[in-house]
Amino acid sequence: MTNSINEFDEADLFFVIGSNTTAQHPLIGSRIINAVERGAKLILFDPREIPLAQFATLHLKQTFGTDVALVNGIMNIIIQEDLYDKPYVQARTEGFEELKTMVARYTPKVVEQITGIRSSELYRAAVMYAQADKAMIVYAMGITQHVTGTDNVKTLANLAMLTGHVGRPSTGVNPLRGQNNVQGACDMGGLPGVFTGYQRVNDPATVKKFEDAWGVSGLNPKPGLTITGMMNAAHQGTLKGLYIMGENPLMSDPDLTHVEHALSNLDFLVVQDIFLTETAALADVVLPAAAFAEKQGTYSNTERRVQLAQCAVSPPGQAKADWEIITALCRRLGMKCDYACTEDIMREINALTPSYGGITYERLSSGYGLQWPCPNDTHPGTVFLHRDQFTKGKGSFLPCEFKPAAEIPDDEYDFTLTTGRIYYQYHTGTMSRRVDLLEREAPEPLLEINPEDAKKLGIRSNDVVEVESRRGSMRIKAEVTTRVPKRVLFTTFHFKESQVNRLTNSACDPVAEIPELKGCSVKIRRCS
Amino acid sequence: MKLIAKKDVPAVVDQWSKTYAVLAPSLQRNGECIFDTFDRATFTLEYRKPSMPPKSTYLPQSEAIFQVKDGGFIHSARHEKTMLFGIRACDHTGIRQARSFYSRDMDDVYHRCHAEDTLIVVHACSWPQNETCFCTTVHSGPYAKEGFDIQLFDMGTDFLVEAGSDTGRELIADAPFRAFDVDDASERLNRVKHMALNSIPIVSEVTDAMEILRAGGANETVWEHLGRKCITCGGCVYVCPTCTCFTVYDRVTSEGNGERVRAWDTCLYAGFTREASGHNPRASQALRLKRRHEHKLLYYNETDNQDALCGCVGCGRCSDYCPVHIGTIEVVKAIADHIY
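Residues numbered from 1 in each chain as written. Chains lettered and ligands numbered in written order. Predicted model: local features only at pLDDT ≥ 70, side-chain atom pairs only at ≥ 80, totals over all residues.

A. Summary view of the overall build of chain A. Counting its secondary structure elements, chain A contains 19 helices and 19 strands. Relative to its length of 528 residues, chain A is compact, with a C-alpha radius of gyration of 24 Å against a globular reference of 24 Å. Considering only C-alpha atoms, chain A reaches an extent of 65 × 65 × 45 Å along its principal axes. Expressed as a percentage of the 528 residues in chain A, the buried residues total 43%. (Helix = DSSP H or I, 4+ residues; strand = E, 2+ residues; numbered from the N terminus. Rg over C-alpha atoms; globule rule 2.2 N^0.38 Å. Buried ≥ 20, exposed ≤ 12 C-beta atoms within 10 Å, placed from the backbone.)

In structure tokens form, the structure reads like this:
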């Protein structure tokens, strides 16, 4: 997030796209609800009737996978109506003319054809966003899990820059992170192309810095593989061994048949997790890991806030904290790796990661954490990003053309299946499905289908239906509801009883290689 | 009636902690005060309303009620001599209300065991803990009337100490507790009580709302509005000193072994009232919120109220913590002032 969570309380308008905020980020959702009650506006873009829709000033239901066209259309209106922030564009950005030329092609009529959103509503949304004093864009996986995920994000950034809605309090672009420490995992270099703090592995000065610090030479400057890339490599037999930590790809990755083949094609699979997951059950070696309350360490949350957590209970059995397992493994491989405690590791992070320079245990233990960038011991941390200039100086407009989703419904596979999450279950259910109360609240998977479609197909609520894509099929109970529009089906990936990722498409965004989990084409029939 | 110098209190509690598992205010490094196992280094007498009421001493968040081991059954009511040091009168009333509920028409052995094991030292309030306190409205404070072992009244550098039980009397019998033998002792105590009573404002909407509910109920739009924005976190129930609902589940620990556990539950979850057929008599969040608040303000049991006015003890925590402002104060105001 470029903003902090507290900034929601001062914003005048929220542009929420691809985020079921009250279900997945309920405390941030509650900030939006409170803001609407005090008079703030909410523009919601979501094909589904999510709970936040009840609070929306304007709810627009775009066709799946058409976000680039939608936002280009909004920018076109803003430019045509002269509502963009000229001084901001002049002083802080570059590439405006190219943007203007490209988005000019996205006239309201064209956008209506692509997205299904009426020009009058698109116009209203554009004017409301541009004229707001303090507007925040909020998004989640509904924006990123598409073959155009990167383009979607760039296009939202274009919109924020065009209107000067970034770099001031309560204005910004806010991807809500889906896990308590996914931000931290990325910050620590849990990505193929970067060291900690997003320092590139192919930058010679950075490589030299890490080589010196670790007393090694010849660090590989080539970015590694993404998860989807690893699965493809394993499938092809070019990747032989895989060490998976805290991830359950046999439930969470697209096209599970492909994943099954990929994992079984490996020579050696190690899984480190707190429970024996579906993936761990396939492993040659399982390394039992300590859970959150069984170890000390820091978490970096969605607002870039690093917080220290203490160990409350000892890990059971042979379980160990992740860092202990990794360092023990490193030592056996001949590396020095002699950290005595997590604070030792943090000292190394402080020394090698400019944005974490001042985030020390000493400071973390006497407050509510620190938000990066926090370059030194006296820096108070950063509430919002891009205050006077962007990281690279001037912000570049990166106009993107609309590209359709990888799979478009046709005569045979005539529905779009989209996947997401529900309030009571978490991810692949490894943890939440072991909690009795949560199981009571959400005990089984349900497939949302619109009443008109259901009627045509003779499907009633609680009927078992079979859903099939080009990759696989599943059986699941139907829930007939107006929450989904016609020709759209929705379910979650929490339940092993109905593995929706047997059906999903592994087609990926070309840059981030994130799979298009938000839409694939399927057919559906009622089981007799 | 006795006196003790405030500076002598830590040593006394330290002494008590050798006999009892003492839960006492503890100042954390981030400035927050929680009730935790007594630790002289973090112990403080300068604390405000802690975020959680002391109910988990009586009704733990989760507790094994029996275990099955090697085919045998082990009853697992846990015994530990415990002292709650420095709880507030509202929370003490909450304990008494829950105790009544758990003993009125059946003997909940687990709750009783914890109650029998626990000594209560109430720290009477001299002023509101924060802006959401309304104990004087519901007659649950600012000081305890009965059911405590020891009660402390703030007299500046000293506490005036009142014993409420024989155990309490024994505990304060010796030095550093000293006699408070002045002629006007009870007058002085009354003055302290009176000042405290007057310092905590009355929230008249509570009684107004109770009246409206008795007269036929609130406007349904109140519940619909609140139900729409409730995010179903259950936080109001977890921080409530008088919420007593629990769920029971079985956990297999290994082949042939397991335990039956009871854990906090909340009536705000749909599954709490969903029937086996799938039918739910409280089908919407609006109806679930209505039920919870009517239980506190209308359908309470007179016996369970103890000395208080209703099933809410006015601690104000639901108003402090609800992320979307559906605390008792907001609810009674919505009802009484016909906001929605």
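The discussion continues.
B. Just the overall build of chain B, in detail. Along its length, chain B carries 12 helices and 12 strands. Its C-alpha atoms give chain B a radius of gyration of 21 Å, near enough to 20 Å, the size a compact globule of 340 residues would have. If you line up chain B on its principal axes, its C-alpha atoms span 65 × 60 × 40 Å. Residue burial in chain B is summarised as follows: out of 340 residues, 41% are buried. Looking at chain B alone, contacts between residues at least 24 apart form 72% of all its contacts between residues at least 6 apart. (Contact = placed C-beta atoms within 7 Å.)

C. Quick look at the nonpolar core. Residue and element names in this part refer to chain A. F14, F15, I74, Y129 and L156 are the most contacted members of the largest nonpolar core, which totals 137 residues. Looking at this core element by element, the count peaks at 8 residues for helix α3 (residues 67–80). Setting aside anything within four residues of it in sequence, one finds I74 in contact with L122, A125, A126, Y129 and L159. Of all hydrophobic cores here, the second largest spans 37 residues; its members include I244, A283, L417 and V500. (Core = buried A, V, L, I, M, F, W, Y, C linked by C-beta atoms within 7 Å.)

D. Spatial organisation of the packing of α3(A) against helix α7 (residues 119–131) of chain A. Residues and elements named next belong to chain A. The interhelical angle for the contact between α3 and α7, taken along N-to-C directions, is 65°, at an axis separation of 9 Å. Viewed along their axes, α3 and α7 adopt a mutual orientation that is roughly perpendicular. Regarding α3 and α7, the two cross each other, and that crossing is right-handed. Judged by residue contacts, G73, I74, I77 and I78 of α3 engage L122, Y123, A125, A126, Y129 and A130 from α7. Classifying every residue of the contact of α3 with α7 by side-chain character gives 9 nonpolar, 1 polar and no charged. (Axes fitted to C-alpha atoms, helices over the stretch in contact; angles between N-to-C directions. Parallel < 35°, antiparallel > 145°, perpendicular 65-115°, else oblique. Left-handed = near helix turned anticlockwise from the far one by under 90°. Nonpolar A, V, L, I, M, F, W, Y, C, P; charged D, E, K, R; others polar.)

E. Representation of the interface of chain B and chain A within the structure. On the chain A side, the residues contacting the 17 residues of chain B number 17 residues. At the level of elements, α8 (220–229) and β11 (246–254) of chain B are the ones that each hand at least two residues to the side of chain B that touches chain A. Partitioned by chemical class, the residues of the side of chain B that touches chain A number 8 nonpolar, 5 polar and 4 charged.

F. Fine view of the sheet that holds strand β3 (residues 58–60) of chain A. Residues and elements named next belong to chain A. Strand order in the open sheet made by the 5 strands is β3-β2-β1-β5-β6, with parallel pairing throughout. The sheet is open, and its two edges are formed by β3 and β6 (172–175), each paired on a single side. Neighbour-to-neighbour, the strand axes of this sheet turn through a mean angle of 15°, independent of strand direction. Of the pairings in the sheet, the one linking strand β2 (residues 41–45) to β3 comprises 3 bridges and is parallel in character. Each bridged residue has a counterpart across the sheet, and for I43 the counterpart in β3 is L58. (Pairing = 2+ DSSP bridges.)

G. Local environment of the environment of A:G172. Residue and element names in this part refer to chain A. With respect to the helices and strands, G172 occurs in strand β6. Measuring from C-alpha to C-alpha, the distance between G172 and K134 comes to 8.7 Å, with 38 residues separating the pair along the chain. Those residues in contact with G172 that lie beyond four places of it in its chain are T2, N3, M136, A160, V166 and F384.

H. Region of the structure containing the pairing of strand β16 (residues 464–468) of chain A. Residue and element names in this part refer to chain A. Strand direction decides the pairing type here: β16 and strand β17 (residues 473–480), joined by 5 bridges, are antiparallel. Its bridge partner lying in β17, V467 is registered against M474. Where β16 hands over to β17, the hairpin turn is made up of 4 residues, counted between the paired strands. Pairing geometry for β16 and strand β19 (residues 520–526), over 4 bridges, is antiparallel. Residue pairing across strands places V467 opposite I524, the latter belonging to β19.

I. Region of interest: helix α12 (residues 328–336) of chain B. Residues and elements named next belong to chain B. Of all 9 residues making up α12, 7 are buried, and the element is well covered by its neighbours. Buried positions along α12 lie against α7 (204–214), α8, α10 (285–297) and α11 (317–321). H338 sits one or two positions beyond α12 and adopts a positive phi of about 50°.

J. Quick peek at the domain arrangement of chain A. Residues and elements named next belong to chain A. The domain boundaries assigned to chain A delineate domain 1 (5–176), domain 2 (182–371) and domain 3 (415–526). Relative placement of domain 2 and domain 3: their C-alpha centres are 30 Å apart. Between domain 2 and domain 3, the contact holds 15 residues from the first and 17 residues from the second. Broken down by secondary-structure element, the contributors of at least two residues to the side of domain 2 that touches domain 3 are α12 (227–236), α13 (249–252) and α14 (256–264). Here the side of domain 2 that touches domain 3 takes 3 residues from α14, the largest share from any one element. When the residues that make up the side of domain 2 that touches domain 3 are grouped by side-chain class, the tally is 4 nonpolar, 8 polar and 3 charged. (Domains from an automatic or database assignment.)

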